[in-house]
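This is what each chain is made of:
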Amino acid sequence: MRFSFKTLFAVSALLSGVSAWAWNTNVSENTLVCPKGAESHDLAQCVAAPQGGVYVSWISWDLDKSFAYLKLQYYDAAGRNVFPDGGIYVCREPTPTWSSGYDLDVTPDGNALLVYNDKRNGVWQAYAYCIDPTGESVWKEEGVSFNVAEDDTCFNPKLCVTNSGNVVVGFQTIVGSRSDIKIFKLK
């Protein structure tokens, strides 16, 4: 079998490309986000940041098995975790052990956007959070509530960042037997 210079160059370029996009030299080795062997972590989501990094969010029951908490980690373009090992808590409000969903997105300037619902006021309400790449809250640390009616139960929030940088949230509200779909423009 005879190899030409073009074949050798193509194979070299392909192999160097694999190592350029792999965070680990062993591509079969995964990056551990939560402590190894930890119980009660679920519903991971990932979103790319414009600086080449990645945000990873998940639901955790590591503080108290009675409640779920929302956590976040940021990995820079080289795959190094920026936040402390195990991520940061975005929401530590009382949330029953099951989740009705949450969502993760990123702003054009690289901040993580999250929507999550909890029962801090005794009723499922949804809150939006904006966290910068250093782990600091850009909006209110307790989150921004976007469900106006305090007696509405709010489920399944989903985020959309428009091409002009607006943040729109869609969600379901339930009052008695009535179920509505609403949207809210945060910015």
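Residues numbered from 1 in each chain as written. Predicted model: local features only at pLDDT ≥ 70, side-chain atom pairs only at ≥ 80, totals over all residues. Heavy atoms only, no water.

1. Some thoughts on the overall build of the chain
Part 1 of the argument: When helices and strands are tallied, the chain shows 1 helix and 11 strands.
Part 2 of the argument: Starting at the N terminus and ending at the C terminus, the chain contains elements arranged as α-β-β-β-β-β-β-β-β-β-β-β.
Part 3 of the argument: In the chain, buried positions account for 38% of the 187 residues.
Part 4 of the argument: Of all intrachain contacts in the chain linking residues separated by at least 6 positions in sequence, the fraction that spans at least 24 positions is 42%.
Part 5 of the argument: Total accessible area on the chain stands at roughly 10700 Å², and carbon and sulfur atoms take up 56% of it. (Helix = DSSP H or I, 4+ residues; strand = E, 2+ residues; numbered from the N terminus. Buried < 20%, exposed > 50% of the residue type's maximum accessible area, 1.4 Å probe, protein only. Contact = heavy atoms within 4.5 Å. Areas by Shrake-Rupley, 256 points an atom, 1.4 Å probe, with all protein chains shown as cover.)

2. Topic: the environment of aspartate 109
Part 1 of the argument: Among the structural elements, aspartate 109 can be located in the loop between strand 5 (102-106) and strand 6 (112-118).
Part 2 of the argument: For the pair aspartate 109 and aspartate 132, spaced 23 residues apart in the sequence, the C-alpha separation amounts to 9.0 Å.
Part 3 of the argument: Every residue in contact with aspartate 109, bar those within four places of it in the chain, is listed here: Pro50 and Gln51.
Part 4 of the argument: Within the structure, the side chain of aspartate 109 is placed 2.4 Å from the side chain of threonine 107, a separation counted as a polar contact. (Polar contact = N/O pair within 3.5 Å; in protein donor to acceptor, adjacent residues only side chain to side chain.)

3. A word on the packing of aromatic side chains
Part 1 of the argument: Throughout the structure, instances matching the rule amount to 5 aromatic pairs.
Part 2 of the argument: Judged by centre distance (6.3 Å) and plane angle (40 degrees), the ring pair of tyrosine 74 and phenylalanine 83 falls under tilted. In this structure, tyrosine 74 and phenylalanine 83 share a single accessibility class: buried.
Part 3 of the argument: Measuring from ring centre to ring centre gives 6.4 Å for tyrosine 102 and tyrosine 116, while their planes differ by 80 degrees; the resulting arrangement is edge-to-face. Within this pair, whereas tyrosine 102 is found in strand 5, its partner tyrosine 116 is found in strand 6, the two being separated by 14 residues in sequence.
Part 4 of the argument: For tyrosine 102, a relative accessible area of 2% translates into the label buried.
Part 5 of the argument: Three or more aromatic residues joined by ring pairs make a cluster, and in this case those are Tyr55, Tyr74 and Phe83.
Part 6 of the argument: Sitting over the ring of tyrosine 89, lysine 71 keeps its end group 4.5 Å from the ring centre. (Phe/Tyr/Trp six-rings, centres within 6.5 Å; stacked < 30°, edge-to-face > 60°. Lys NZ or Arg CZ within 6 Å of the ring centre and 35° of its normal.)

4. Description of the pattern of salt bridges
Part 1 of the argument: For the structure on display, the rule yields 3 salt bridges.
Part 2 of the argument: The shortest N-O distance in the salt bridge between aspartate 118 and arginine 120 comes to 2.8 Å.
Part 3 of the argument: Classification of arginine 120 as partly exposed rests on a relative accessible area of 21%. (Salt bridge = Lys/Arg side-chain N within 4 Å of Asp/Glu carboxyl O.)

These figures come from the coordinates and say nothing about function on their own.
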